[in-house]
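Remarks on the overall topology
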Amino acid sequence: MTAAFLTPTRALSALDLPSRGGGGSPRVAIFTDKLDWHVVRTLRAFRAQGATPVAVRLSACKIETGRAHGLVIPGFRELPDLAIVRAIGDGSLEAITMRLGVLHALEDLGVPVVNSARAIERCTDKSMASFLLAQAGLPTPETFAAQSLAQARAVARRECGKGPLVMKPLFGAQGWGLRLIERESDLPSLHDARGVFYLQRFVGPARPPFEDMRILVSRGDIVAAMRRRSSHWITNVRQGAKPLAVEPSEREAEIALAAAKALGVDFAGVDIINDHEDEPLILEVNSMAGWSGLQRVTPFSIADRLAADALAQMTHARLRV
């Protein structure tokens, strides 16, 4: 177990950190699509540490090559000192591509971004995340991703005899849109699957209670963890699961940190489930993870800890330059 597990904010005074403009507090862009519970607490946490956070929609950012830095970030005359990505926002493929391009551009201009655009891309695409976890030799349920109904049906005919599969939206969160596939006929149409069938071996008991674990990772340390227990096989807290405080085992902590490293994330929610032999498997890695359920069973402010970690990362990045 890492020493940082279930510990409050690391010692750090943002007041001692220079801003990009030279003097004053560090200016932090909090990229989001709405002022939800997480964003309000994130803004409050950065202010408490002497920084000046500004909530910004990525959809409002622009690229203008005639400007000094080529970017327009609402609320900032110059570039921010640090960027935190809470949400990309809904939009077309073109819109999402441009928003990720803004994040890539900020990184190219020397602004630390948590998480990086590359890490977000890897985690958001569940098929790529599963591929990278498997390539890193980490335990994860067997996964199949196909781009036609014929391919998906072939997988279901071959695999459902061994046990159910779970179909997840390639880009999805909080348990929405999950389907249990027990036979070929359970598969939706290609249109309803939005062109991709992401199928993962179902892991868990045949009857309730169902549970898995969420481990919050930040800068190579375990921040906090919980078990999510439910009467339904979908165990997200937003879907009604009950959060329970827990300390991860040495093996659970080890693979959670390894999963974050494999996908290149500085901050992540790593979801882990035990198989029939009680061995932990990584379900997925969330690069824009929520922690409202975890906060209910954590005795310190998670937002304060994450803000301190991000500011420390900013300082470290500057020292390397």
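Heads up: these notes are all about the structure in this document. (Residues numbered from 1 in each chain as written. Predicted model: local features only at pLDDT ≥ 70, side-chain atom pairs only at ≥ 80, totals over all residues. Heavy atoms only, no water.)

1. Some words on the overall build of the protein
Scanning the protein from terminus to terminus reveals eight helices and 15 strands. For a compact globule of 321 residues, the expected C-alpha radius of gyration is about 20 Å, and the protein comes in at 20 Å, within 12% of that figure. Viewed in the frame of its principal axes, the protein has a C-alpha envelope of about 65 × 45 × 30 Å. Counting all 321 residues of the protein, 50% fall into the buried class. Intrachain contacts of the protein at a sequence separation of at least 6 include 65% that bridge at least 24 residues. Carbon and sulfur atoms make up 51% of the accessible area of the protein, which amounts to about 15,300 Å² in all. Distance between charge centroids for the protein: 5 Å, based on 39 positive and 34 negative side chains. (Helix = DSSP H or I, 4+ residues; strand = E, 2+ residues; numbered from the N terminus. Rg over C-alpha atoms; globule rule 2.2 N^0.38 Å. Buried < 20%, exposed > 50% of the residue type's maximum accessible area, 1.4 Å probe, protein only. Contact = heavy atoms within 4.5 Å. Areas by Shrake-Rupley, 256 points an atom, 1.4 Å probe, with all protein chains shown as cover. Lys, Arg positive; Asp, Glu negative; His and termini not counted. Charge placed at Lys NZ, Arg CZ, Asp CG, Glu CD.)

2. Details of the pairing of strand β7 (residues 143-146)
The alternating pattern of β7 places F144 and A146 on a buried face and T143 and A145 on a face that is not buried. Inspection of the sheet shows β7 paired to strand β10 (residues 197-201) by four bridges, in the antiparallel sense. Considered in β10, the bridge of A145 is made with Y198. (Pairing = 2+ DSSP bridges.)

3. Quick word on unusual backbone geometry
Of note, the bond from V114 into N115 is cis; its omega dihedral lies within 30 degrees of zero at -5°. By the secondary structure assignment, N115 is in the loop between β6 (113-114) and α3 (117-124). A cis amide bond links P208 with the next residue in sequence, P209, at an omega value of 5°. If you trace the backbone, P209 turns up in the loop between β10 and β11 (210-218). Unlike most non-glycine residues, R219 shows phi in positive territory, near 50°. Looking at the secondary structure, you find R219 in the loop between β11 and β12 (221-230). Since its relative accessible area comes to 32%, R219 is described here as partly exposed.

4. With respect to the sheet that holds β7
Ordered in space as β7-β10-β8-β9, the four strands form an open sheet in which the pairing is antiparallel. Looking along the sheet, the strands with just one partner apiece sit at the ends: β7 and β9 (179-181). The average angle at which neighbouring strand axes cross in this sheet is 30°, direction not considered. In this sheet, β9 lies alongside strand β8 (residues 165-168) in antiparallel orientation, the contact comprising three bridges. The residue of β9 that forms the bridge with L165 is I181. Its contacts with the sheet put helix α4 (residues 126-135) on β7, β8 and β10, and the angle it makes with β10 is roughly 40°. (Axes fitted to C-alpha atoms, helices over the stretch in contact; angles between N-to-C directions.)

5. With respect to the nonpolar core
Grouped together as the largest cluster of nonpolar side chains are 27 residues, with contacts concentrated most on F46, L82, I84, L216 and W291. Element by element, the count of residues in this core is highest for helix α8 (residues 302-320), at seven residues. I84 has contacts with V28, A29, I30, F31, F46, V114 and A310, leaving out every residue within four places of it along the chain. If you look at the next biggest cluster of nonpolar residues, it comprises 24 residues, including L138, V217, A259 and V265. (Core = buried A, V, L, I, M, F, W, Y, C linked by side-chain atoms within 4.5 Å.)

6. Focus on the side chain of S230
The residue S230 is located in strand β12 in this model. A distance of 2.9 Å separates the side chain of S230 from the backbone nitrogen of H232, its partner in a polar contact. What S230 contacts, discounting residues up to four positions off in sequence, is P208, P209, F210, T235 and A241. (Polar contact = N/O pair within 3.5 Å; in protein donor to acceptor, adjacent residues only side chain to side chain.)

7. Thoughts on the packing of α3 against α4
At a closest axis distance of 5 Å, the pairing of α3 and α4 adopts a crossing angle of 95°. Judged by the inter-axis angle, α3 sits roughly perpendicular to α4. Residues R122, C123 and T124 of α3 pack against K126, M128, A129 and L132 of α4. The class makeup of the residues in the contact of α3 with α4 is four nonpolar, one polar and two charged. (Parallel < 35°, antiparallel > 145°, perpendicular 65-115°, else oblique. Nonpolar A, V, L, I, M, F, W, Y, C, P; charged D, E, K, R; others polar.)

Read these as layout, nothing more, since geometry by itself doesn't imply function.
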